[in-house]
Amino acid sequence: MGDSILITGAGGFIGRQLVRTLAQRGERVIAASRSPAEFDEANVEPVEGMLREPEDFAPWVARSRVVVYLASTSTPGTSAGHPIDDVTGNLLPLTALLQTMQNHPGVDLLYLSSGGALYAPNDGEATSERMPVCPRSYHGAGKIAAEYFISAWCNQYSGRATIVRPSNVYGPGQLERAGFGIVPTAMGKIRRNEVLRVWGDGSAIRDYLYIDDLIRLVAAILAKPMPPGARVVNACSGIGTSLKDLFEALQEVTRAALLCRYETGRSVDASSIVMDPSFALQEFGFSATTPLREGLKQTWIWLNSIMR
C-alpha cells in the first residue's frame, strides 16, 4: 500500500477542486482523467487515459492508500434510452477497479454516487441514508448497482468504503454542458439572452450544494480512518428550493432576466428531492455553510471572469 490518493475523474468539475484542495493540504495525489488536465501543485501526478480494465488501475492502486472514484459519463437525462452505455461507461470501469482492489488489502475507497437520482420523491420530508432508494433513470440504476458492488467487495474482502450521495452540486469551475447542471446552463442563457428549456412547470424542488461545501465534507471523510464495510453519507444542504425560486435568485444575482420555456415534465425527474444532512453533521461535524444566493454570486463572478 502506498501513501498517495488516487482520484479518478480528476479533470471534471468536482475532481479539479478536490485535487487542488488535497494537494494544498500536503497530500500526494494521483490525478487520473480521460483527457489532459493540468495542475500547478508539484505533489500532483497527472495520469491521462481511460482506466477500464483491472490492469489499467493496478499500478496506481498499488501506490495509493485510498481511491476516490469520481468518474462518470452520464446524467439522468443523457442516460435515457441508453442502458448499455451506462453499464459500459460507468459500471464496468468501477467493477474493474474493485477487481484490482481485491489484490490490495488496506486501500480504502470513496465513491461519489448520487442523491437526486436515487431517492424517491419526498414531498417535503428530508431523506436520510436509511430511506429506500427508487432510481427513475438508468443513470440512477447504475449508481445503486455500483453501491451494491462496492458493498459486496467490502463483505468479501474486508474492504472499507464510504459512499457519498451528493445533492445538486454547483459553483465556480462548473462549465456549461448540455445535460449537466442547471446553474451553469441558466447562467449561460442569461449571458446570451437565450431561452432556457425547462422540463415541467418549475415547481420541482431540489437540494443545492455549493462546491466548496462538498469538497470540505470529502476532505473531512478522507482525514479519518474508514470503518470496515460500506457506509453511505448524504452530502447536501438540507434545504429545498424550487426551480422557480432558483430562477428568481439567479435573476437577482445577475441583475438580468432569465427567459424560460416550460415543457412537459420527464419521467426521469422527481417532483421533490430534499436530503437529510444529519449523519454528516454527526460523523464529520459537517454542515453546508454557503447560502444559495452567495454561492450563485460567486459562481456568476467566476463565470464572467473566464468569459471576458
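Residues numbered from 1 in each chain as written. Predicted model: local features only at pLDDT ≥ 70, side-chain atom pairs only at ≥ 80, totals over all residues. Heavy atoms only, no water.

Helix and strand counts for the chain stand at nine helices and 12 strands. Its C-alpha atoms give the chain a radius of gyration of 19 Å, within 12% of the compact-globule value 19 Å for 308 residues. A principal-axis box enclosing the C-alpha atoms of the chain has dimensions of 55 × 40 × 40 Å. Put simply, the chain has 308 residues, and 49% of those count as buried. Counted over contacts in the chain with a minimum sequence separation of 6, partners at least 24 positions apart contribute 77%. Within the structure as shown, the chain displays about 14100 Å² of accessible surface, and the carbon and sulfur contribution to it stands at 51%. Of the charged side chains in the chain, 29 are positive and 31 negative, and the gap between their average positions amounts to 3 Å. (Helix = DSSP H or I, 4+ residues; strand = E, 2+ residues; numbered from the N terminus. Rg over C-alpha atoms; globule rule 2.2 N^0.38 Å. Buried < 20%, exposed > 50% of the residue type's maximum accessible area, 1.4 Å probe, protein only. Contact = heavy atoms within 4.5 Å. Areas by Shrake-Rupley, 256 points an atom, 1.4 Å probe, with all protein chains shown as cover. Lys, Arg positive; Asp, Glu negative; His and termini not counted. Charge placed at Lys NZ, Arg CZ, Asp CG, Glu CD.)

In this section: the pairing of strand β2 (residues 29-33). Of all five residues making up β2, five are buried, and the element is well covered by its neighbours. Bridge analysis of strand β1 (residues 4-8) against β2 gives four bridges, and the strand direction is parallel. Paired with Ile7 across the two strands is Ala31, which belongs to β2. Handedness of the β1-helix α1 (residues 13-24)-β2 crossover: right-handed. As judged from the five bridges shared by β2 and strand β3 (residues 44-48), these two strands associate in the parallel manner. Within β3, the position partnered with Ala31 by the bridge is Pro46. (Pairing = 2+ DSSP bridges. Right-handed = clockwise from strand over helix to strand, strands pointing away.)

Extensive coverage of helix α5 (residues 182-192) is indicated by the burial of eight of its 11 residues. Within the sequence span of α5, burial applies to Val183, Pro184, Thr185, Ala186, Met187, Gly188, Lys189 and Ile190. Buried positions along α5 lie against β7 (168-170), β8 (195-199), α7 (243-254) and α9 (292-307). Just downstream of α5, Asn193 is the residue with a positive phi angle, here 55°.

Moving on to the packing of aromatic side chains. As enumerated under the stated definition, the model contains two aromatic pairs in all. Lying over the aromatic face of Phe39, Arg16 brings its terminal NZ or CZ to 5.7 Å of the ring centre. Across the ring face of Tyr262, the terminal group of Lys244 is positioned such that the distance to the ring centre comes to 5.7 Å. (Phe/Tyr/Trp six-rings, centres within 6.5 Å; stacked < 30°, edge-to-face > 60°. Lys NZ or Arg CZ within 6 Å of the ring centre and 35° of its normal.)

Moving on, we come to the nonpolar core. Ile7, Leu222 and Leu296 are the most contacted members of the largest nonpolar core, which has 57 residues in total. The contact partners of Ile7, leaving out residues within four places of it in the chain, are Leu18, Val19, Leu22, Val29, Ile30, Ala31, Ala32, Val68 and Leu70. In this structure, Phe57, Val67, Tyr69 and Leu98 belong to the second largest nonpolar core, which totals 27 residues. (Core = buried A, V, L, I, M, F, W, Y, C linked by side-chain atoms within 4.5 Å.)

On to the packing of α5 against α7, then. Axis separation between α5 and α7 bottoms out at 11 Å; the angle between their running directions is 50°. Judged by the angle between their axes, α5 and α7 are oblique. α5 and α7 meet at a crossing whose hand is right-handed. Every residue of α7 that contacts α5 at Ile182, Val183, Ala186, Met187 and Ile190 is listed here: Leu243, Leu246, Phe247, Leu250 and Thr254. Tallied by class, residues from the contact of α5 with α7 come to nine nonpolar, one polar and no charged. (Axes fitted to C-alpha atoms, helices over the stretch in contact; angles between N-to-C directions. Parallel < 35°, antiparallel > 145°, perpendicular 65-115°, else oblique. Left-handed = near helix turned anticlockwise from the far one by under 90°. Nonpolar A, V, L, I, M, F, W, Y, C, P; charged D, E, K, R; others polar.)

Let's shift gears to α9. Compared with an ideal rise of 1.5 Å per residue, which puts 16 residues at 22 Å, α9 spans 22 Å between its outermost C-alpha atoms and is within 8% of the ideal. What α9 keeps buried is the set Leu292, Gly295, Leu296, Thr299, Trp300, Leu303 and Asn304. The buried residues of α9 all sit within an arc of 165° when viewed along its axis, so they share a single face. Considering only its buried residues, α9 is in contact with β7, α5, β9 (205-210), β11 (240-242) and α7. (Expected span 1.5 Å × (residues − 1). Arc of directions from axis to C-beta.)

Next up on the list: the sheet that holds β11. In spatial order, the strands read β7-β9-β11; together these three strands make up an open sheet with mixed pairing. Sheet topology places β7 and β11 at the edges, where each strand pairs with a single neighbour. For this sheet the average axis-to-axis angle between neighbouring strands, irrespective of direction, equals 50°. As defined by bridge partners, β7 adjoins β9 across three bridges and the pair is classed as parallel. Directly across from Val169, in β9, lies its bridge partner Leu209.

With that out of the way, let us pick up the packing of helix α2 (residues 54-61) against helix α3 (residues 83-101). Two elements in contact, α2 and α3, have axes whose closest approach is 8 Å; the angle formed by their N-to-C orientations is 50°. With respect to α3, the axis of α2 lies oblique. The two elements α2 and α3 cross, and the hand of that crossing is right-handed. Across the interface between the two elements, Pro54, Phe57, Ala58 and Val61 of α2 pack against Pro93, Ala96, Leu97, Gln99, Thr100 and Met101 of α3.

Any functional reading would require information that these geometric values do not contain.
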